[in-house]
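Spelled out, the chains give:
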Amino acid sequence: MASLSLHDDSMTAAAPVEVRALEQFVTFTCSGRAFGIDIMSVREIRSWSPTTELPGQPHGAKGVLDIRGSVVQVYDLAVLLGGYGSEVNAGQVVLVVSLDNQDVGLLVDTVSDIIFAQPEDLRPVPGSGGDPSNGMVSGMFKNEDRLIAILNLAAMFPSYAGH
């Protein structure tokens, strides 16, 4: 008696391929260290212009700028990361980033590049227990001969996140 197979090897579908998107980061330097932030949170890169200082500013704040009709608080990233603020020079730039639809400015030394990274290229921060929300740095990746720390903007600015 002939047997009838209900399984045709020529019609077998391949297992679904996991599509992993490239992640894009804007990289920059601050106090000689390399950092990156998700490109989707960057609204604008501006040349430094003097800010208006306000009384009772938050820690690390340089003042505010009027950017297309919106008043934006600008922070010295070096101070926020535990360093010392220095005199601002004309070559520095302000990264305007969006946190839950609120813009914040970050004073950095230079913007370096836009980097594409595979998710498997990202590494956990030592001591974070693998939890990317556990501090100011959410992860790291290697680009050429340097490690770039990815900043966790929500952890750095908890008063802006979740509004």
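Residues numbered from 1 in each chain as written. Predicted model: local features only at pLDDT ≥ 70, side-chain atom pairs only at ≥ 80, totals over all residues. Heavy atoms only, no water.

A. Spatial organisation of the nonpolar core. One finds Leu77, Leu106 and Phe157 to be the most contacted residues of the largest nonpolar core, which totals 27 residues. Mapped by element, the contributors of at least two residues to this core are strand E1 (23-30), strand E2 (33-38), helix H1 (77-80), strand E6 (93-99), strand E7 (102-108), strand E10 (146-151) and helix H2 (153-156). The element best represented in this core is E6, accounting for 4 residues. Every residue in contact with Leu77, bar those within four places of it in the chain, is listed here: Phe28, Cys30, Leu106, Leu107, Val108, Leu151 and Met156. Counting 8 residues, the second-largest nonpolar core is a separate cluster that includes Trp48, Leu65, Ile67 and Val96. (Core = buried A, V, L, I, M, F, W, Y, C linked by side-chain atoms within 4.5 Å. Buried < 20%, exposed > 50% of the residue type's maximum accessible area, 1.4 Å probe, protein only. Helix = DSSP H or I, 4+ residues; strand = E, 2+ residues; numbered from the N terminus. Contact = heavy atoms within 4.5 Å.)

B. Region of the structure containing a nonpolar patch on the surface. Residues Leu22, Ile114 and Phe116 make up a contiguous nonpolar surface patch of roughly 290 Å² in combined accessible area. Tracing the backbone through its elements, the reader meets Phe116 in strand E8 (residues 110-117). Here Phe116 falls in the exposed class, since its relative accessible area comes to 51%. (Patch = residues over 30% accessible without salt bridge, like charges linked within 9 Å, V, L, I, M, F, W, Y side chains within 5 Å. Areas by Shrake-Rupley, 256 points an atom, 1.4 Å probe, with all protein chains shown as cover. Salt bridge = Lys/Arg side-chain N within 4 Å of Asp/Glu carboxyl O.)

C. Representation of unusual backbone geometry in the model. Of note, Ser31 is a non-glycine position whose phi angle comes to about 55°, a positive value. Relative to the elements of secondary structure, Ser31 occurs in the loop between E1 and E2. Phi is positive for Glu144, close to 55°, though the residue is something other than glycine. Residue placement: Glu144 occurs in the loop between strand E9 (137-143) and E10. Given the relative accessible area of 71%, Glu144 is considered exposed.

D. Spatial organisation of the side chain of Gln92. If you trace the backbone, Gln92 turns up in the loop between H1 and E6. Since its relative accessible area comes to 7%, Gln92 is described here as buried. In terms of polar contacts, Gln92 uses its side chain to reach the side chain of Asp109, at 3.0 Å. (Polar contact = N/O pair within 3.5 Å; in protein donor to acceptor, adjacent residues only side chain to side chain.)

E. Region of interest: the side chain of Thr51. Tracing the backbone through its elements, the reader meets Thr51 in the loop between strand E3 (42-47) and strand E4 (61-67). On the basis of relative accessible area, Thr51 is assigned to the buried category, the value being 19%. One polar contact links the side chain of Thr51 to the main-chain carbonyl oxygen of Lys62, over a distance of 2.8 Å. Contact partners of Thr51, with chain neighbours within four places excluded, come to Lys62, Gly63, Val64, Leu65 and Val74.

F. The sheet that holds E3, seen in detail. Taking strand neighbours across the sheet as the criterion, the 5 strands line up as E3-E6-E7-E5-E4 in an open arrangement whose pairing is mixed. Strands with a single pairing partner mark the edges of an open sheet, and in this sheet they are E3 and E4. For this sheet, the mean inter-axis angle between neighbouring strands, taken without regard to orientation, is 30°. Summarising the sheet, strand E5 (residues 70-76) and E7 pair through 4 bridges and their orientation is parallel. Across the sheet, residue Val74 finds its bridge partner in E7, namely Gly105. (Pairing = 2+ DSSP bridges. Axes fitted to C-alpha atoms, helices over the stretch in contact; angles between N-to-C directions.)

G. Focus on the pattern of salt bridges. Scanning the entire structure with this criterion turns up 3 salt bridges. The partner of Arg43 in a salt bridge is Asp103, with the nearest N and O atoms 3.2 Å apart. Here Arg43, found in strand E3, pairs with Asp103, found in strand E7; they are 60 residues apart in sequence, far enough to count as distant. Counted as one network, the salt bridges with shared partners bring together Glu44, Arg46 and Arg68.

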